[in-house]
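Each chain, letter by letter, is given below.
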Amino acid sequence: EVPVQTAVAGKSEDLEQSELIDNAEPVITKPEYLPDTSPEEQYRFALARALQNDLQTAENAFVEFTAIHPEHERAVDAWFWQGRVQFIQGQYEKAATTFSKFNSLYSSDPRIADTTLWIAESVAKFANPEQACAIYENLRQFVDQPPENFVARLAELSASVGCSS
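Each value, and the rule that gives it
- Residues numbered from 1 in each chain as written.
- Predicted model: local features only at pLDDT ≥ 70, side-chain atom pairs only at ≥ 80, totals over all residues.
- Heavy atoms only, no water.
- Helix = DSSP H or I, 4+ residues; strand = E, 2+ residues; numbered from the N terminus.
- Buried < 20%, exposed > 50% of the residue type's maximum accessible area, 1.4 Å probe, protein only.
- Contact = heavy atoms within 4.5 Å.
- Areas by Shrake-Rupley, 256 points an atom, 1.4 Å probe, with all protein chains shown as cover.
- Disulfide = S-S within 2.5 Å.
- Expected span 1.5 Å × (residues − 1).
- Arc of directions from axis to C-beta.
- Phe/Tyr/Trp six-rings, centres within 6.5 Å; stacked < 30°, edge-to-face > 60°.
- Lys NZ or Arg CZ within 6 Å of the ring centre and 35° of its normal.
- Core = buried A, V, L, I, M, F, W, Y, C linked by side-chain atoms within 4.5 Å.

**Points about the overall build of the protein**
Within the protein one finds 8 helices and 0 strands. Split into buried and exposed, the 165 residues of the protein put 37% on the buried side. Expressed as a percentage of contacts within the protein between residues at least 6 apart in sequence, the contacts between residues at least 24 apart total 51%. Working note: accessible area of the protein is about 10300 Å², and carbon and sulfur atoms make up 51% of it.

Now the structure itself:
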C-alpha cells in the first residue's frame, strides 16, 4: 500500500521542489517572441521574420527557439539563421560566437564551410590583427575538405591584416 499524503503536505513538497527547479535554471514556459504554437510553426515564424527583414524580431525568435527546443530537428537551422541575422545586422562578435556554437554542435553539417567563413568575415570586423591571425589559423581545422572559395577568401582575409602564413 502507498501512504496517503494530505493535500497540505503535498503542496509544501511541491513548492520546495519547484523552488529547487527555479533556482537551478530558468525554464521558459510561455514564449515571449515566438507564437504559442508547435515548434515547426515557431521556426517558420522566426524564418518569416528574417525573410521580411524584421531582423531584431527574427534574432530574438531564433534565440528563444534554441533555448526552448534545443533538441528539436529545427534547432540546427535556428542556430544557423540566428548567426546570419546577427551578421546582417552588423553584430559581428555575436555572429562569430553563434557560428562557433553552431560549428561545435553540428560539426558534420554541410554548411560548416559557410559558417566558418562567416566567422572569419566577422573577425575581420572586430578583432585586432594579432587576434585575427590566430583565429584564421585555427579556422582551417574546422573544414575537412575546404572548397576553393573558402581557402581563397581565408587567404585574402589573412593577408589583409598581415598574417604571416
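**What to know about the state of the cysteines**
Inspection of every chain in the model, using the stated rule, returns 1 disulfide. Sulfur-sulfur distance for the disulfide between Cys133 and Cys163 comes to 2.0 Å. Because the sign of the S-S torsion sets the handedness, a value of about -100° for the bond joining Cys133 and Cys163 places this disulfide among the left-handed ones. Here Cys133 is found in helix H7 (residues 129-139), whereas its partner Cys163 is found in the segment after helix H8 (148-160), with 30 residues between them in sequence. Looking at Cys133, the relative accessible area reads 22%, which means it is partly exposed.

**A closer look at H8**
For H8, which comprises 13 residues, the first-to-last C-alpha distance of 18 Å matches the rise-based estimate of 18 Å (1.5 Å per residue) to within 8%. Those residues of H8 that fall on the buried side of the exposure criterion are Phe150, Leu154, Leu157 and Ser158. Along the axis of H8, the buried positions cluster into a sector of 100°, meaning they face one direction only. Exposed residues on H8 whose side chains face more than 90 degrees from its buried face are Glu148, Asn149, Ala159 and Ser160. Buried residues in H8 make contact with helix H6 (112-126) and H7. Two residues or fewer past H8, Gly162 is found with a positive phi of approximately 80°.

**A look at the packing of aromatic side chains**
If you walk through the whole model with that rule in mind, you get 8 aromatic pairs. On the basis of an interplanar angle of 65° and a centroid distance of 6.1 Å, the ring pair of Tyr43 and Phe65 is categorised as edge-to-face. Pair noted here: Tyr43 is in helix H2 (residues 39-51) and Phe65 is in helix H3 (residues 55-68), with a separation of 22 residues, a long-range link. There is no split in this pair, since Tyr43 and Phe65 are both buried. Judged by centre distance (5.5 Å) and plane angle (50°), the rings of Phe102 and Tyr106 are tilted. Comparing Phe102 with Tyr106, the two get one shared label, buried. Grouping aromatic residues by their ring pairs yields a cluster made of Phe80, Trp81, Phe99, Phe102, Tyr106 and Trp118. Here Arg84 stacks its cationic end above the ring of Trp118, 3.9 Å away from the centre of that ring. Between Arg111 and the ring centre of Phe80, over which it is positioned, the NZ or CZ distance is 4.5 Å.

**Structural notes on the nonpolar core**
Counting 25 residues, the largest nonpolar core has Ala120 and Tyr136 as its most contacted members. Taken together, the elements giving at least two residues each to this core come down to helix H4 (75-88), helix H5 (92-105), H6, H7 and H8. In terms of residue count, the dominant contributor to this core is H6 (7 residues). Within the second largest apolar cluster, 12 residues are counted, among which are Tyr43, Leu47, Ala50 and Ala58.

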